[in-house]
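# Breakdown of the fold
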2 protein chains.
Amino acid sequence: MAEGQDRATDHADVEAANARFYQAFETADLDAMRELWLDDAEALCVHPGALPVRGTGPIYRSWALIMANTAYIQFILTDVEVSVLDDVASVTCTENVLTGDDRSGPEVFGGGKAVATNVFVRTALGWRLWIHHASPVLSAADHDDT
Amino acid sequence: MAEGQDRATDHADVEAANARFYQAFETADLDAMRELWLDDAEALCVHPGALPVRGTGPIYRSWALIMANTAYIQFILTDVEVSVLDDVASVTCTENVLTGDDRSGPEVFGGGKAVATNVFVRTALGWRLWIHHASPVLSAADHDDT
């Protein structure tokens, strides 16, 4: 396979893994969420507005808690940008969040918009999530214009 | 050199690059800041509460603007965690921010605390910043306990 095709395949695979991450959250599928993460003490998860959670055990527990406290959530992803650097890939996207109630978990907040950086690592089992960092968008200012 | 020593050197080098990043911001040294970044259209910078800035050109301009609008800033980094995965390394840290005035740039916000994920890539010239994602800490809740 030509290098260009390899790269296109990598991009598609990473974007699919990123989509599975949000689908796991939307369907509150903790097993699917667990399967996506790299099993690593140095895996990192920053929920919007929160301090970091480190290591797969604490990360799974944080998702279990968030899923248990989220009645309904739907993500509409915009500005999805995939960047592959050998065996590491990053996805940046804007998470436009729709929820069914007001008492949602820490992944949701006023405004309904977050920016996420998701860093995946290539493994024998496919791309696995190493870092998820989501942050609230506090203003409409778009720094792309600066 | 033994593998353990290599790893220790990598950790130290990455932590030093991370320290240079904050020093460049504190001293408003745009040249030092520019030198730290990977020259890449897919480099990514998320300032706290803001939408992503992509590519070295827009990223430099965002820093120029922030530095021009920051009279005084000092970072006290806590919980610095370095993770090296071959030629990519991540640093997570809590940025405890001290500023001299109230009308500071977008890297500063109410509360004075942010969480940053900084992802570095190994190059012939040393570790270069590929991703900087900083997010405001909106509550004192520490998800490490969940």
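You'll find the structure just up there.
We now turn to the structure provided with this report. Not measured: the values here are computed from a predicted model. (Residues numbered from 1 in each chain as written. Chains lettered and ligands numbered in written order. Predicted model: local features only at pLDDT ≥ 70, side-chain atom pairs only at ≥ 80, totals over all residues. Heavy atoms only, no water.)

### Some remarks on unusual backbone geometry
Filter applied, for reference: Between buried and exposed lies partly exposed: a residue is buried under 20% and exposed over 50% of the maximum accessible area for its type, with that area taken using a 1.4 Å probe on protein chains only. By definition, any uninterrupted DSSP run of H or I lasting at least four residues is a helix, any uninterrupted run of E lasting at least two residues is a strand, and each is numbered from the N terminus.
The backbone phi angle of Asp86(A) is positive, close to 55°, even though this residue is not glycine. With a relative accessible area of 61%, Asp86(A) lands in the exposed category. A positive phi angle is found at Asp79(B), which is not glycine, with a value near 55°. Relative to the helices and strands, Asp79(B) is located in strand 3 (residues 73-85).

### Comments concerning the pattern of salt bridges
So the rule is basically this: In what follows, salt bridge is the name for a side-chain nitrogen of Lys or Arg lying within 4 Å of a carboxyl oxygen of Asp or Glu.
In the structure shown here, the tally under the stated rule is six salt bridges over all chains. Two residues, Arg122(A) and Asp10(A), come together in a salt bridge whose shortest N-O distance is 3.1 Å. Here the residue Arg122(A) occupies a position in strand 5 (residues 113-123), and Asp10(A) occupies one in helix 1 (residues 3-26), the gap between them amounting to 112 residues. Taking the relative accessible area as the measure of exposure, Arg122(A) reaches 34% and is therefore partly exposed. Where Arg122(B) meets Asp87(B), a salt bridge forms, and the shortest distance between an N and an O atom there is 2.7 Å.

### Digging into the interface of chain B and chain A
Size of an interface, as often reported, equals the accessible area lost when the parts are brought together. Using the following cut-off: Residue contacts are counted whenever heavy atoms from the two residues lie within 4.5 Å of one another. Summed over both partners, the accessible area (1.4 Å probe) lost when two parts come together is defined as the buried area. Each residue gets one of three labels, nonpolar for Ala, Val, Leu, Ile, Met, Phe, Trp, Tyr, Cys and Pro, charged for Asp, Glu, Lys and Arg, and polar for the others, Gly among them.
Of the residues lining the interface, 44 residues belong to chain B; the matching set on chain A comes to 44 residues. Buried surface at the junction of chain B and chain A, both sides included, amounts to about 3800 Å², of which 63% is carbon and sulfur. Viewed at the interface, chain A and chain B are joined by two salt bridges. Linking Glu81(A) and Arg54(B) is a salt bridge whose minimum nitrogen-to-oxygen distance equals 3.9 Å. Listing elements by their share of the side of chain B that touches chain A, those giving two or more residues are strand 1 (44-46), strand 2 (53-54), helix 3 (56-68), strand 3, strand 4 (88-99), strand 5 (113-123) and strand 6 (126-136) of chain B. Looking at the side of chain B that touches chain A, its residues break down into 25 nonpolar, twelve polar and seven charged.

### Let's talk about the relation of the copies chain B and chain A
As a reminder of what qualifies: Residues reaching a pLDDT of at least 70 in both copies supply the C-alpha atoms on which the copies are superposed by least squares.
Mapping chain B onto chain A calls for a rotation angle of 180° and an axial translation of 0.0 Å; the resulting RMSD is 0.0 Å. Both copies are brought into coincidence by an operation consistent with a two-fold rotation axis. For chain B, the minimum C-alpha distance to the rotation axis belongs to Ser135(B) and amounts to 2.6 Å. The fraction of interface residues of chain B whose copies in chain A are also interface residues reaches 100%, indicating that both copies meet through the same surface.

### Some details on a nonpolar patch on the surface
Applied cut-off: The patches described consist of residues with a relative accessible area above 30% and no salt bridge, like charges being joined within 9 Å and nonpolar side chains (Val, Leu, Ile, Met, Phe, Trp, Tyr) within 5 Å. Accessibility throughout is a Shrake-Rupley quantity obtained with a 1.4 Å probe, and a residue counts as covered only by protein chains that appear here.
A cluster of nonpolar residues, Tyr72(A), Ile76(A) and Leu98(A), forms a patch on the protein surface that exposes about 280 Å² of accessible area. Locating Ile76(A) in the fold gives a position in strand 3 (residues 73-85).

### Considerations on the sheet that holds strand 4 of chain B
By way of backbone hydrogen bonds, the strands of a sheet pair with one another, either parallel or antiparallel. Defined as follows: In this scheme, strands are said to pair when DSSP sees at least two bridges between them.
In spatial order, the strands read 2-1-6-5-4-3 (chain B); together these six strands make up an open sheet with mixed pairing. Looking along the sheet, the strands with just one partner apiece sit at the ends: strand 2 and strand 3 of chain B.

### Notes on the state of the cysteines
To be explicit about the condition: By definition, disulfides here are pairs of cysteine sulfur atoms that lie within 2.5 Å.
Taken as a whole, this structure holds zero disulfides over all chains when the rule is applied. For Cys45(A), which is in no disulfide, the shortest distance to another cysteine sulfur is to Cys93(A) and amounts to 13 Å.

### Topic: the pairing of strand 4 of chain B
Residues and elements named next belong to chain B. Burial within strand 4 is extensive, with ten of its twelve residues counted as buried. As judged from the eleven bridges shared by strand 3 and strand 4, these two strands associate in the antiparallel manner. Pairing of Ser83 across the sheet is with Ser90, part of strand 4. Where strand 3 folds back on strand 4, the antiparallel hairpin that results is connected by two residues, among which Asp86 adopts a positive phi of roughly 55°. Two strands pair when backbone bridges link them, and strand 4 and strand 5 are joined in this way by nine bridges, in the antiparallel orientation. Looking at strand 5, one finds that Ser90 is bridged to Val119.

### Overview of the sheet that holds strand 3 of chain A
Residue and element names in this part refer to chain A. If you walk across this open sheet you meet the six strands as 2-1-6-5-4-3, and the pairing is mixed. Strand pairing shows two members of the sheet lacking a second neighbour, strand 2 (53-54) and strand 3, which therefore form its edges. In terms of strand pairing, strand 1 (residues 44-46) meets strand 2 through two bridges, oriented antiparallel. Among the inter-strand pairings, Cys45 is bridged to a residue of strand 2, identified as Val53.

These values are about where atoms sit, not about what they do.
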